[in-house]
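Coordinate analysis (summary)
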Amino acid sequence: MNTLSALRSFGQWFAEFRQPGRGSSWLVGILLLVTLTMSAANLLLPADSPLYVSTYTITLMGKYLCFAMLAMAVDIIWGYCGILSLGHGAFFALGGYGMGMYLMRQIGDRGVYGNADLPDFMVFLNWQELPWFWFGMDQFWFAVLMALLVPGLLAFGFGWLAFRSRVTGVYLSIMTQALTYALMLAFFRNEMGFGGNNGLTDFKDILGFDLQADGTRVALLLATTLLLVLAFLSSRAIVQSRLGRVIVAVRDAEARARFLGYRTEHYKVWLFVYSALIAAVAGMLYVPQVGIINPGEFSPLNSIEVVVWVAVGGRGTLYGAIVGALLVNYAKTRFTALMPDAWLFALGALFVIVTVYLPRGLAGIFERFAVGMRREKHGEKSWRENSGQLSAGEVSA
Amino acid sequence: MNSIHQLAGQAREVMRRDTTWPFLIPRRRMVDVSKDIILYLEDLNVSFDGFRALNNLNLYVNDGELRCLIGANGAGKTTLMDVITGKTRCDSGSAWFGQNIDLLAHDEAEIAQLGIGRKFQKPTVFEAHTVFHNLELSLRCGKGVWRALTARLSGSERDRIDEVLSIIGLESSRHQLAGALSHGQKQWLEIGMLLAAEPRLLLVDEPVAGMTAEEAERTAELLTSLAGKHTVIVVEHDMEFVRSIARTVTVLHQGSVLAEGTMDQVQNNRDVVEVYLGEGA
Amino acid sequence: MKFLLHSLWLVAALLLPAGSPLAQTPPTAPAVGELLQQIPNASLKKTGELVQQLEQAGGAEMRPLFEAMLAGELYAVKESDKLVAVTKDRAGRLVGREIFNDRKLAAFASRDLKKIRVNNRLRSQLRDAIARIDLLHGSEEQQHAAVLSILDDLSSQNMRLLRSAETAGASAQVQEVIALADAMVQLRDSRVLEERLAAIEIMSGRLEAPVRNQLQRLLNDDGEQEVAVKAAAQKALDKIAGRVEFYGQMEQLFFGLSLGSVLLLAAIGLAITFGVMGVINMAHGEMIMLGAYTTYVIQQLMPGAIEYSLLLAVPAAFLVSGGVGVLIERGVIRHLQGRPLETLLATFGLSLILQQAVRSIFSPLNMQVVTPGWMSGSLVINPVFSLTYNRLYILLFALAVFAALVAILKKSSLGLNVRAVSQNRDMAKAMGVRTELVDAMTFGLGSGIAGVAGVALSQLTNVGPNLGQSYIIDSFMVVVFGGVGNLLGTLVGGFSLGVANKFLEPATGAVLANIIVLVCLILFIQKRPKGLFPQRGRAAE
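What counts, and at which threshold
Residues numbered from 1 in each chain as written. Chains lettered and ligands numbered in written order. Predicted model: local features only at pLDDT ≥ 70, side-chain atom pairs only at ≥ 80, totals over all residues. Heavy atoms only, no water. UniProt positions renumbered as here; feature names shortened; annotations may be inferred. Pairing = 2+ DSSP bridges. Helix = DSSP H or I, 4+ residues; strand = E, 2+ residues; numbered from the N terminus. Axes fitted to C-alpha atoms, helices over the stretch in contact; angles between N-to-C directions. Contact = heavy atoms within 4.5 Å. Salt bridge = Lys/Arg side-chain N within 4 Å of Asp/Glu carboxyl O. Buried < 20%, exposed > 50% of the residue type's maximum accessible area, 1.4 Å probe, protein only. Core = buried A, V, L, I, M, F, W, Y, C linked by side-chain atoms within 4.5 Å. Buried area = accessible area lost by both parts, 1.4 Å probe. Polar contact = N/O pair within 3.5 Å; in protein donor to acceptor, adjacent residues only side chain to side chain. Nonpolar A, V, L, I, M, F, W, Y, C, P; charged D, E, K, R; others polar. Domains from an automatic or database assignment. Patch = residues over 30% accessible without salt bridge, like charges linked within 9 Å, V, L, I, M, F, W, Y side chains within 5 Å. Areas by Shrake-Rupley, 256 points an atom, 1.4 Å probe, with all protein chains shown as cover. Left-handed = near helix turned anticlockwise from the far one by under 90°.

The name given to chain C in an unreviewed UniProt entry is Urea ABC transporter permease subunit UrtB, with Microbulbifer harenosus as the source organism. UniProt annotates chain C under Subcellular location (unreviewed entry) with the comment "Cell inner membrane". Quoted verbatim from the Sequence similarities (unreviewed entry) field of the UniProt record, the comment on chain C reads "Belongs to the binding-protein-dependent transport system permease family. LivHM subfamily."

Where an unreviewed UniProt entry is consulted, chain A appears under the name Urea ABC transporter permease subunit UrtC, with the organism given as Microbulbifer harenosus.

This part covers the sheet that holds strand β4 (residues 104-108) of chain C. Residue and element names in this part refer to chain C. If you walk across this open sheet you meet the five strands as β4-β3-β2-β1-β5, and the pairing is antiparallel. The open sheet has two edge strands, β4 and β5 (113-115), and neither has a second partner. Strand after strand, the sheet turns through a mean of 40 degrees between neighbouring axes, direction not considered. The sheet contact formed by strand β1 (residues 74-77) and β5 spans three bridges and is antiparallel. Residue V77 lies in a different strand from β5, and its bridge partner there is L113.

Quick look at the side chain of C:E286 now. Within the secondary structure, C:E286 is located in helix α13 (residues 284-301). Discounting chain neighbours no more than four positions away, the residues touching C:E286 are C:S351, C:L354, C:Q355, C:G468 and C:Q469.

Residues and elements named next belong to chain B. This structure, assessed with the given rule, holds 28 salt bridges over all chains. Linking E163 and R160 is a salt bridge whose minimum nitrogen-to-oxygen distance equals 3.2 Å. Taken together, the residues span about one helical turn, with E163 and R160 both in helix α6 (residues 155-168) at a distance of three residues. Overall, the relative accessible area of 17% leaves R160 in the buried class. Between D162 and R174 there is a salt bridge, and its shortest N-O distance comes to 3.0 Å. Note that D162 is positioned in helix α6 and R174 in the loop between α6 and α7 (183-196), a separation of 12 residues in sequence. The partly exposed category is assigned to D162, whose relative accessible area is 28%.

Counting residues in each nonpolar core, the largest one holds 270 residues, and the members touching the most others are A:W78, A:W134, A:L200, A:F298, B:L189, B:V234 and C:M477. Once you skip the residues sitting within four places of it in the chain, A:F298 turns out to touch A:A90, A:A93, A:L94, A:Y97, A:T180, A:L183, A:M184 and A:F187. Counting 32 residues, the second largest nonpolar core, distinct from the first, contains C:L135, C:A146, C:V177 and C:V185.

So, on to the UniProt feature "transmembrane region" (unreviewed entry) in chain C. All names here are of chain C. As recorded in UniProt, the feature "transmembrane region" (unreviewed entry) lies at residues 253-280, 308-328, 392-409, 476-500 and 506-525. This span, residues 253-280, is 89% helix and 0% strand, and a straight line between its end C-alpha atoms measures 31 Å. Counted over residues 392-409, helix gives 100% and strand 0%. Its end C-alpha atoms are 26 Å apart.

The next thing to look at is the sheet that holds strand β3 (residues 66-70) of chain B. The strands making up a sheet associate through hydrogen bonds between their backbones, and the pairing can be parallel or antiparallel. Residue and element names in this part refer to chain B. Here six strands make up an open sheet; going across it, the order is β6-β7-β8-β3-β9-β10 and the pairing mixed. Where the open sheet ends on each side, the last strands, each with one partner, are β6 (116-119) and β10 (256-261). Taking each pair of neighbouring strands and ignoring which way they run, the sheet shows an average axis angle of 20 degrees. Across five bridges, the pairing between strand β7 (residues 201-205) and strand β8 (residues 231-235) is parallel. Paired with L201 across the two strands is T231, which belongs to β8. Its contacts with the sheet place helix α2 (residues 77-84) against β3, β6, β7, β8 and β9 (248-253), and it is angled at close to 150 degrees to β7. Against the sheet, α7 engages β6 and β7, with an angle of about 175 degrees to β6.

What follows deals with the interface of chain A and chain C. With 40 residues of chain A at the interface, the matching set in chain C holds 39 residues. In total, chain A and chain C occlude about 3700 Å² of area from one another, counting both sides; carbon and sulfur atoms represent 79% of this. Sorting the residues of chain A by area buried against chain C places A:V170, A:Y171 and A:I174 first, and these three jointly supply 17% of that buried surface. The shortest N-O distance in the salt bridge between A:R315 and C:E342 comes to 3.3 Å. Counting every contact that joins chain A to chain C gives three residue pairs in polar contact (both at pLDDT 80 or more). Looking at the side of chain A that touches chain C, the elements with two or more residues in it are α6 (140-164), α7 (169-188), α12 (300-313) and α14 (342-357) of chain A. Per-element tally for the side of chain A that touches chain C: the top contributor is α7(A), with 13 residues. Of the residues assigned to the side of chain A that touches chain C, the class counts are 30 nonpolar, seven polar and three charged.

As a further point, take the side chain of A:T176. Residue and element names in this part refer to chain A. Mapped onto the fold, T176 is located in helix α7. Residue T176 is classed as buried on the basis of its relative accessible area, which comes to 1%. From its side chain, T176 meets the backbone oxygen of S173 in a polar contact 2.5 Å long. Discounting chain neighbours no more than four positions away, the residues touching T176 are L84, S85, L86, G87 and F158.

A few words on the domain arrangement of chain C. If you check the domain split of chain C, you get domain 1 (2-121), domain 2 (138-225) and domain 3 (252-540). Here domain 1 of chain C and domain 3 of chain C have C-alpha centroids that lie 50 Å from each other.

Residue and element names in this part refer to chain C. Among the surface-exposed residues, Y308, L311, W374, Y393, L396 and L399 lie close enough to one another that they form a single nonpolar patch of about 620 Å² accessible area. It is helix α16 (residues 389-411) that provides the largest number of residues to the nonpolar patch, a total of three residues. For L396, the location among the structural elements is in helix α16.

Residues and elements named next belong to chain C. At a minimum axis separation of 11 Å, helix α20 (residues 469-482) and helix α22 (residues 510-527) run at an interaxial angle of 40 degrees. As for how α20 packs across α22, the hand of that crossing is left-handed. Contacts between α20 and α22 pair I473, D474, M477, V480 and F481 from the former with N514, L518, L521, F524 and I525 from the latter. Tallied by class, residues from the contact of α20 with α22 come to eight nonpolar, one polar and one charged.

Have a look at this one:
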């Protein structure tokens, strides 16, 4: 009898906290399993083995996972809080530049000009000394700190200004786009001191390890996986806490939340900062793996592409963003290799099809499927039946 | 010279002993109702683009009272609620909550935390959350970001939610998504959310719109039972409903108070008759 | 190639119009022919002498020769020493034409030609010669230009020329410049203080570059002893500098207004779709691009009538872009009613598709859109201030489009419906307005105007697949700055952003100016989220 009531209260507890995104730990398992297998196959197997995974593939996978992290950052604020940011590429790129500056300083006197004090492009521009904002960037911890602090502060300043004056909807989206556009123009300037058009490249090593070595590549992939998993778990904890519920409440009925006493702008600002920090971490991991960071990363197209990854995967589900990013990027790699011209057609069509026919993305299909299975088993009436009604409320901006 | 005098005057103003600097006043205070009046609205003026929504409006509401506001469309009922809850800034006038809280100095969230709850004309609930979570979010507790992140539901809070659920009669749909509720149920849920917040003053905008007669009756019962412990201000068009709950009725007309009294007094008031039935009556 | 063997003098003599002075004075004609034949093999110094002799012998008839020579287009055919004018066409082929009658010749191979060399001394000699010819024989405009160029070289020979022009009955405008030339000579040659001061008085405030140079030289000249002359010269120079500065500002203003007119054209269509339907059409830039490509296609279809191509391109671009707009509305946006963020994403996808389509159909490269003659050149107001015709016409065009649009919205029944829907969609629907149709028409109208903007833009920038992309953020900023749903706001917003941008540019550089304007706008929207001219009242909530 006792156990029965305990079971029932557990069932009740479970029902109360069942939310989209819960129970997606399978994703963590798969991610860890795949990357660990790939790493082992790369390091332990001989190059002529049929199961050998090339270092190129390792790097490609690392890149995809960075994109997945960026997509998750966008999903946290778009899917859960209804803020469509078309400028998250800016935080990603700023994080990337932070890491790029560290890597640039690690080159030391191995550059083309052999100048131990100045990066090559500064020597080329006839600069005499290091600009003040480059000081300390040769220390890894300081560079990482800066790569988090700068995007974080930018997100805080922008968010504070925008959310306090209650800018919402398409206005906000276009402003985020203008933000990244302005940054792109600025970073294209040589005078900014970030390498102008060419950006930062020709990196040699990170923390003393050769960036070209297989071991370093594998380690970077594993670090990316680990941080992605960490970010996923912490984001999941956030969206499942009461904080997460307040955020969804702000998305659906901001005025109601405000009249219940929640300072919605505070919630939005902190969530925006959190999301920007995750994007910055993704950028930091991205740069050592691809070996370059340039102002192109700020381009509005990049940021808006991230949104379509999230839309394809299904917004408002963290795993959907990750899956979407991996799938779309894999498709992009294949497409651009086979039919380079067709990729933009495909991407454009993806935007249209997903928004018009699949507002809940692949996750929506998956969940409907899963619910159907469950209902067949138990004959229970699921609350997800009504999920179709949500979409209108979700985006009312 | 003039400016120096001005500066000195300002300095003196800052150093006055009988006032407290605004930033030293604690933000969250208990409302002081020692004079038995919970809401003072004096000389309120609000205009939109030349249209005067509120025109020198004066209104006092006693603590624990159930007050009905009636008036034609455009009489300023909703604007009045907007001013009280901080949504609309008024052009001039003063609005005090009890003896000690100046409502005009606070924004919506602060006013809500001070204990003024509001139900919208159109039922507004969090459709993506279950009924249970809707009530959880409305509980009276810390509303800060950090508090929300670390919050765990305590036993007494859970009990409070159960209590409210039974009051609004939604126990059976506690795990249903609020978006799936019927219109009337949403109205009830929103009232329940106000109850969970335990406000001192409840502003209820058209609570029975879209309800069946039976539901309206239950709503009337609920609102009357709330009075006493809470102060309730109801805006309603349904005169039957108003008659069934009202002790004091205030008639608004063109942004100011036209008449005040019991339902019978108001109905026999010459001004009211004139406004509602035309000059000839 | 046989016909090329004819000696040039014969060609020249035969083809000259009967009434020309050259034909009337046969004794000089052979001399001209002989002189011309010497040119291909002459040294630079000798060429100078030949030019002098040609001018005396041939007079006004020699103008095309001098012009071709000055432009570096004069070549000699190696085989025959015949002189031809040669230019490169778009494909890089060398196309020749007769010098004296513009008749087209076959294409040349570069090895068959020998370029007639010119140096700077020769160039200035040629310029003088052309000026003299124009002064005596040219139209009033040519005379004016000639007098102005003579100010550079006030030799006694040129002054005599001016005298003769004066007596030949020059216009008032020309007379005035001749007086100025007199004053400059006076200042240079006279030793009488009063005369020199009077000359400076005449020169004071004149914007012609030689005047400034002469005054500056005078000030720097240590040999000049007269303090009064120096002081007067300084004063005159200050006055000139003041006027130059003023016209510099005017020029900035003009550039600003020009940029503003482009922004207005680009934004006004967006203002309609955003104001009425509340959707951001991210493919708006691509509608502009389609308009520009329509212009290109029309010019390809009617190569003989470039002058009229733009007149035809405006309605064509309106139809093309408007039609695509209606398709987009019917096909996609209709299904996303009330979901503005989704609409934004879907239209962005469409913009990618349109860009790639243009890239596949035409090419990823920029297309050459020809500027018709009446749009090239500039309106010279004074020597330091001139307005290029293309910018001027586009400014007027933008205002005309704006006025037409306001008229449509204010006077037509479509306008009434559009305004009704923009103010209260549900009410309009209840009143029997076919909102679906109005939406489609509105979207078509907005897109059509974008197409028209594309025609204008094709005259200012390169026509390529990315043409529209760069305008979407700017035009959205204009709309937001001016206040959504307010056409007047868009007008003010467009021009003030354009002017602000251009006035910042000299101080900060183009890129930084762009960034500053963007950042200021972001801050402005924080302060006034509803723009300069907000829609007010409860309906706007």
